[in-house]
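Below, each chain spelled out in residue letters.
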Amino acid sequence: MKKDNIDLLISGAESLGVNLQLFHVEQFIKYYDLLLEWNQKMNLTAITEERDVVIKHFLDSLTAKICKKINGNEKIIDVGAGAGFPSIPLKIIYPSLRLTIIDSLKKRTVFLNELVQQLHLNDVEIIHGRAEDLGKDNFLREKFDISLSRAVAQLNVLLEYCIPFVKIDGYLIAYKGSNVDEEIAMSNNALNILKSNIEDVFEVTLPYTDIVHNLLLIRKFGTTDMKYPRKPKLIEKIPL
């Protein structure tokens, strides 16, 4: 990685309240190299330029720190992490996080396992499976302090995928685009059924860009009915 982009990573992280040490930077550089290498074998990301990966993947992932709910000792699940965003960058800066990543595509989980091994990350479990199936698993259901999700689905659909994993008084941090008002309005029924509420909305401008997105901080206040999550066709065709 070029020095300019390393400096961009360090200063961009600092603007988000993250002080990167040399070993953090080395892990991010290794992450970038592995991402490019594996992206030639499979479609992990359309974003491959160094500067763009630093800003739109690494720094974007770190914006969750703004919510002030991740301190380093939480048990976190990343639903549909793809190439590891946002959870792996957060794991790099908070190595004591207990992290579970689920993804429905087997080849992505193969990449994630290799990534975790190469970055020497501990307490990370990679699970191949669908959220609507794993959300019924007693070993995963209502076991996590925080669920993370980035660019997976509309909010009323996303809630049904993610909330079953979250403990009572735990949180879903949903990474969303610049226009969230309509999604929020369409999600009132899902929020009520899944016993959750939007506690806060954080508008974030990515460092060194004019790209604005929102982080939705959603608190779960009651036990999820066992009928949720429903079968996948119902979740997406007939959202709550």
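On a predicted model such as this, the values are computed, not experimentally measured, just so you know.

## A few points about the UniProt feature "binding site: S-adenosyl-L-methionine" (unreviewed entry) in the protein chain
Piece 1. Annotation from UniProt places "binding site: S-adenosyl-L-methionine" (unreviewed entry) at Gly80, Phe85, Ala131, Glu132 and Arg150. Among the annotated residues just listed, those lining the largest pocket are Gly80, Phe85, Ala131, Glu132 and Arg150.
Piece 2. Looking at where Phe85 falls in the secondary structure, it is placed in the loop between strand S1 (75-79) and helix H4 (87-93).
Piece 3. Excluding its chain neighbours within four sequence positions, the residues that come into contact with Phe85 are Tyr31, Leu35, His57, Phe58, Ser61, Asp78 and Arg150.
Piece 4. Within the element layout of this structure, Ala131 appears in helix H6 (residues 131-134).
Piece 5. Setting aside residues up to four positions removed in sequence, Ala131 forms contacts with Val79, Ile102, Tyr161, Phe165 and Pro229.

## Quick word on the layout of surface pockets
Piece 1. By volume, the largest pocket amounts to about 640 Å³.
Piece 2. Lining the largest pocket are 30 residues, with Gly80, Gly82, Arg150, Ala151 and Val152 positioned closest to its centre.
Piece 3. Listing elements by their share of the lining of the largest pocket, those giving two or more residues are helix H3 (50-62), strand S2 (98-103), H6, strand S5 (166-176) and strand S7 (212-220).
Piece 4. Residues belonging to the lining of the largest pocket are distributed by class as follows: 13 nonpolar, nine polar and eight charged.

## Quick notes on the pattern of salt bridges
Piece 1. Applying the stated criterion across every chain yields a total of 11 salt bridges.
Piece 2. Across the salt bridge formed by Glu183 and Lys176, the nearest N and O atoms sit 3.0 Å from each other.
Piece 3. If you follow the salt bridges from partner to partner, you end up with Lys69, Asp169, Glu199 and Arg219 in one network.

## Focus on the packing of helix H2 (residues 22-39) against helix H5 (residues 106-118)
Piece 1. Contact geometry for H2 and H5: axes closest at 11 Å, N-to-C directions at 150°. Considering their axes alone, H2 and H5 lie roughly antiparallel with respect to each other. Classified by chirality, the crossing of H5 by H2 is right-handed. Counting all contacts with H2, which are made through Lys30, Tyr31, Leu34, Leu35 and Trp38, the residues of H5 involved are Val110, Phe111, Glu114, Leu115 and Gln118.
Piece 2. Residue composition of the contact of H2 with H5, by class: seven nonpolar, one polar and two charged.

## Some thoughts on the environment of Asn43
Piece 1. Relative to the elements of secondary structure, Asn43 occurs in the loop between H2 and H3.
Piece 2. As a C-alpha pair, Asn43 and Ala83 span 40 residues in sequence and 9.3 Å in three-dimensional space.

Analysis parameters
Residues numbered from 1 in each chain as written. Predicted model: local features only at pLDDT ≥ 70, side-chain atom pairs only at ≥ 80, totals over all residues. Heavy atoms only, no water. UniProt positions renumbered as here; feature names shortened; annotations may be inferred. 1 Å grid on protein atoms, 1.4 Å probe; cavity = no way out; pocket = protein on both sides within 12 Å on 5 of 7 lines; lining within 4 Å. Helix = DSSP H or I, 4+ residues; strand = E, 2+ residues; numbered from the N terminus. Contact = heavy atoms within 4.5 Å. Points joined across faces, edges and corners; volume = space filled by probe spheres on them. Nonpolar A, V, L, I, M, F, W, Y, C, P; charged D, E, K, R; others polar. Salt bridge = Lys/Arg side-chain N within 4 Å of Asp/Glu carboxyl O. Axes fitted to C-alpha atoms, helices over the stretch in contact; angles between N-to-C directions. Parallel < 35°, antiparallel > 145°, perpendicular 65-115°, else oblique. Left-handed = near helix turned anticlockwise from the far one by under 90°.

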